[in-house]
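Commentary on secondary and tertiary structure
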Amino acid sequence: MKEIKIKTKKDWCIAFVFVTLIVYVISNFFTMSIQNRLLCYGNPMLTIMNQPKSYGNVAFTIIVMTILVEIILFRRHKKAVLKMICPVAGVLLLVAVIAGYFTHVNLIVSSKNEGNGAMRNISTWGGEADFTFTKEEEEEIIKLCEQLKPVSKEKQKELEERVLNKYGSMPDGTELIWISYPKKYGHSFDLMICVAKQSIFVYKGLDNRQKAINIFFEDNGLLEYFPGK
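No experiment lies behind these values; they were computed from the predicted model shown.

1. Side note on the overall build of the protein chain
Summing up its helical and strand segments, the protein chain has 6 helices and 5 strands in all. Counting from the amino terminus, the protein chain carries its helices and strands in the arrangement α-α-α-α-β-α-α-β-β-β-β. The principal-axis extent of the C-alpha atoms belonging to the protein chain is close to 75 × 35 × 35 Å. Burial analysis of the protein chain (229 residues in total) assigns 39% to the buried set.

In structure tokens form, the structure reads like this:
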């Protein structure tokens, strides 16, 4: 059996592409932590349900390939300038991917600004509807949900202590308002607003410690439609 040797620049290019593809495939087993981290800091209204999935794969691939190329450069005793360019290029690519992610998720969530949301359901989380609304009331609820603003950092911590830490990520009787939007920018968007314990929040998913990511919002009149919640 002949030994495979990489001699020419063409050979190195082919090997680089081949290894990159392998690393990208392998990344599917390791990117959950990256995706969870991005979810924590992404748009407050985006949940794991609509999160773009490929950014974690690309970020993982860039990190691994940067390390591999740097090792090769050192083992082949290449010039110092090349050894410096490689990590700098890797960091810049990683920053570009992360910036692209935040831009993409903001574009996905911006679908709500076009006023074409459709009410899918208003009911208790995992249960039956316990409120009845007219068409006009549903339209007003949609508008209020679309206009919600996150609370301050101080109030976020206060509500986490009062609601999240005391009752869990989804308190009993939590009311779910589920609004859907047409597919745009490669993704559909579902605005899923929760009302419980006189608070309004979005359950985004779980972080790397398996702790719920609940983002709380200021009441803009929405709670009036859900007395007792």
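Okay, back to it.
2. Brief notes about the pattern of salt bridges
On inspection of all chains with the given rule, the structure shows 3 salt bridges. Put simply, Lys184 and Glu114 hold a salt bridge, and the shortest N to O gap is 2.0 Å. Taken together, the residues Lys184 in strand β2 (residues 175-184) and Glu114 in the loop between α4 (80-109) and β1 (118-124) connect sequence positions 70 residues apart. Overall, the relative accessible area of 28% leaves Lys184 in the partly exposed class. Judged by relative accessible area, which is 46%, Glu114 ranks as partly exposed.

3. Brief notes about the state of the cysteines
One pass over the full model with this rule turns up 0 disulfides. Looking at Cys86, it has no disulfide partner, and the nearest cysteine sulfur is the one in Cys13, 14 Å off. Residue Cys194 stays outside any disulfide, its sulfur separated by 10 Å from that of Cys145, the closest cysteine.

4. A word on a nonpolar patch on the surface
Among the surface-exposed residues, Phe18, Val19, Ile22, Ile26, Phe29, Phe30, Ile63, Ile67, Leu68 and Ile71 lie close enough to one another that they form a single nonpolar patch of about 930 Å² accessible area. If you list the elements that add at least two residues to the nonpolar patch, you get α1 (9-26) and α3 (54-75). When you line up the elements, Val19 lands in helix α1. Val19 sits in the partly exposed class, given a relative accessible area of 30%.

5. A look at the pairing of strand β3 (residues 187-196)
Burial analysis of β3 places 8 of its 10 residues in the buried class, which makes it a mostly covered element. As consecutive antiparallel partners, β2 and β3 are separated by 2 residues, and within that stretch Tyr185 has a phi angle of approximately 55°, a positive value. One ladder, built from 3 bridges, connects β3 with strand β4 (residues 199-206); its direction is antiparallel. Bridge assignment links Cys194 to a residue of β4, and that residue is Phe201. The antiparallel pairing of β3 with β4 creates a hairpin that spans 2 residues between the two strands, and Lys197 there sits at a positive phi of about 50°.

6. Quick word on the packing of aromatic side chains
Going through the model one piece at a time under the given rule, you end up with 8 aromatic pairs. Taking the centre distance of 5.5 Å and the plane angle of 70° together, the rings of Tyr101 and Phe102 count as edge-to-face. What makes Tyr101 buried here is its relative accessible area of 0%. Through a chain of ring-to-ring contacts, the aromatic side chains of Tyr55, Tyr101 and Phe102 assemble into a single cluster. Taking NZ or CZ as reference, Lys83 lies 4.4 Å from the ring centre of Phe74, over its face.

7. A word on the side chain of Ser27
Relative to the helices and strands, Ser27 resides in the loop between α1 and α2 (32-41). Looking at Ser27, the relative accessible area reads 0%, which means it is buried. For Ser27, the residues in contact, after removing those within four places along its chain, are Asn57, Phe60 and Thr61.

The rules behind each value
Residues numbered from 1 in each chain as written. Predicted model: local features only at pLDDT ≥ 70, side-chain atom pairs only at ≥ 80, totals over all residues. Heavy atoms only, no water. Helix = DSSP H or I, 4+ residues; strand = E, 2+ residues; numbered from the N terminus. Buried < 20%, exposed > 50% of the residue type's maximum accessible area, 1.4 Å probe, protein only. Salt bridge = Lys/Arg side-chain N within 4 Å of Asp/Glu carboxyl O. Disulfide = S-S within 2.5 Å. Patch = residues over 30% accessible without salt bridge, like charges linked within 9 Å, V, L, I, M, F, W, Y side chains within 5 Å. Areas by Shrake-Rupley, 256 points an atom, 1.4 Å probe, with all protein chains shown as cover. Pairing = 2+ DSSP bridges. Phe/Tyr/Trp six-rings, centres within 6.5 Å; stacked < 30°, edge-to-face > 60°. Lys NZ or Arg CZ within 6 Å of the ring centre and 35° of its normal. Contact = heavy atoms within 4.5 Å.

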